[in-house]
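These are the residues of each chain, in order.
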Amino acid sequence: MKTLHKLGALAILVLLLAAPPLLKNYGVYLFTTWLIFIIATMGLNLTVGYAGQKSLGHAAFFGIGAYTVAILLQHGVSFWIGLPSAMVLCFVIGVLLGFPALRVQAIYLAFATLGFNTAVWLVMRNEEWLTGGTFGINGITRPSLFGYSLDGALPYYYFVLAVALILAGLLWGLLRSPWGKAFTALRDNPIRAESLGINIQRYTLLAFAIGAVYAGVAGALFGSLVQFIEPAPFTVGASIMMYLMVVVGGPGYFFGPVLGSAVGVLLPEWLRFAQAWYLFVFGALVVLLMLWLPDGLLSIPDRLKARRQAREASAARAASAAAAEQAAKKGQ
């Protein structure tokens, strides 16, 4: 990891550890939401940024994780059984969703995942016997850990932070393993990756499945945070917002979800001073950002480095041309 990245990661970790005790409950809630979307977009970044697949159905897995845990809690099942159950369910459905990616790519795959999100959302809204429909499910309890209640805002925040750090560590290890190299090879050139012996079918399915698991964990944590769920947070619009978070932060950058989720979760709150105009201001800022930095915020150091190298190369060529011209004059 580059020194700049290490310093940035350390600064963010200090902020996440030290800031919440100084905030009121709503501030702690926002930080917890930020962490939950970091977890969700870490999975989407694997699918989109590292494996190069186009997915607009991530909010569906977010909702599946939330509803799975909520429904099991309604029937007296512990959160600690509900969470792995949601992970397994998301993994299986993620594998199934990955099959269209074996046949269609680019915009066609995006539309396929968008249709999947719409279908899941319709089930959440219409199957009242299972999901409560538009009335939702309330009374979702927060878990206890080793007999210690996580009902308070700060205890639950630090629990979510611990989960986020564990999942980030697992993803970091995955990306540094041969699997991670296979994912990036699949993104860069599937034909070349297959010629090198990489099973592109297997890794495509795994990219969707692992990304879905991260979204499922985030959804389960979200349900316990708000203690009430209904279909609205899991629409196609939510999937597009998650995709936007990945793109704004920097697809294929490990810390991209951290910055992208901050833009999606915290920036709108900071813009509320604009009152009725804050959504317009937010949208305009995102559009300008994408025009200026199409590869995301974390591409800024790389762009600066590329410009510096281009200037140095240009100066070297000019010096070489000047030396050649002087040599030619001497030869005359």
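Look up a bit, the structure's there.
Presented here is a report on the structure given in the accompanying data block. Because the structure is a prediction, the values reported are computed rather than measured.

Within the protein chain, the regular secondary structure consists of 14 helices and four strands. With the principal axes as the frame, the protein chain shows a C-alpha extent of 95 × 50 × 40 Å. Residues counted as buried form 45% of the 332 residues belonging to the protein chain. The contacts in the protein chain between residues at least 6 apart in sequence include a share of 75% that link residues at least 24 apart. A total accessible area of about 16,800 Å² is found for the protein chain, and carbon and sulfur atoms account for 68% of it. Averaging the coordinates of the 21 positive side-chain charges in the protein chain and doing the same for the 11 negative ones gives two points 12 Å apart.

Once that is clear, we can look at the side chain of T131. Structurally, the position occupied by T131 is in helix α6 (residues 128–131). By relative accessible area, T131 is classed as buried at 4%. A distance of 3.2 Å separates a polar atom in the side chain of T131 from the backbone nitrogen of G133. Each residue touching T131, except ones within four places of it in the same chain, is listed here: Y67, V123, M124, G136 and I137.

So, about the nonpolar core. Counting residues in hydrophobic clusters, the biggest one holds 84 residues, and the most contacted among them are W34, I39, F62, F183 and L221. When residues no more than four places from it in sequence are discounted, the contact partners of W34 are L15, L16, V258, S261, A262, V265 and L266. By size, the runner-up hydrophobic cluster in this structure holds seven residues, among which are V248, F282, L289 and L293.

Glancing now at the packing of helix α7 (residues 153–176) against helix α10 (residues 200–226). Axis separation between α7 and α10 bottoms out at 11 Å; the angle between their running directions is 175°. One way to sum up the angle between α7 and α10 is to call them roughly antiparallel. Between α7 and α10, the contacting residues are Y156, F159, V160, V163, L167, L170, L171 and L174 on the first element and I210, Y214, V217, A220, L221, S224 and L225 on the second. Taken together, the residues that form the contact of α7 with α10 break down as 14 nonpolar, one polar and no charged.

Parameters and conventions
- Residues numbered from 1 in each chain as written.
- Predicted model: local features only at pLDDT ≥ 70, side-chain atom pairs only at ≥ 80, totals over all residues.
- Heavy atoms only, no water.
- Helix = DSSP H or I, 4+ residues; strand = E, 2+ residues; numbered from the N terminus.
- Buried < 20%, exposed > 50% of the residue type's maximum accessible area, 1.4 Å probe, protein only.
- Contact = heavy atoms within 4.5 Å.
- Areas by Shrake-Rupley, 256 points an atom, 1.4 Å probe, with all protein chains shown as cover.
- Lys, Arg positive; Asp, Glu negative; His and termini not counted.
- Charge placed at Lys NZ, Arg CZ, Asp CG, Glu CD.
- Polar contact = N/O pair within 3.5 Å; in protein donor to acceptor, adjacent residues only side chain to side chain.
- Core = buried A, V, L, I, M, F, W, Y, C linked by side-chain atoms within 4.5 Å.
- Axes fitted to C-alpha atoms, helices over the stretch in contact; angles between N-to-C directions.
- Parallel < 35°, antiparallel > 145°, perpendicular 65-115°, else oblique.
- Nonpolar A, V, L, I, M, F, W, Y, C, P; charged D, E, K, R; others polar.

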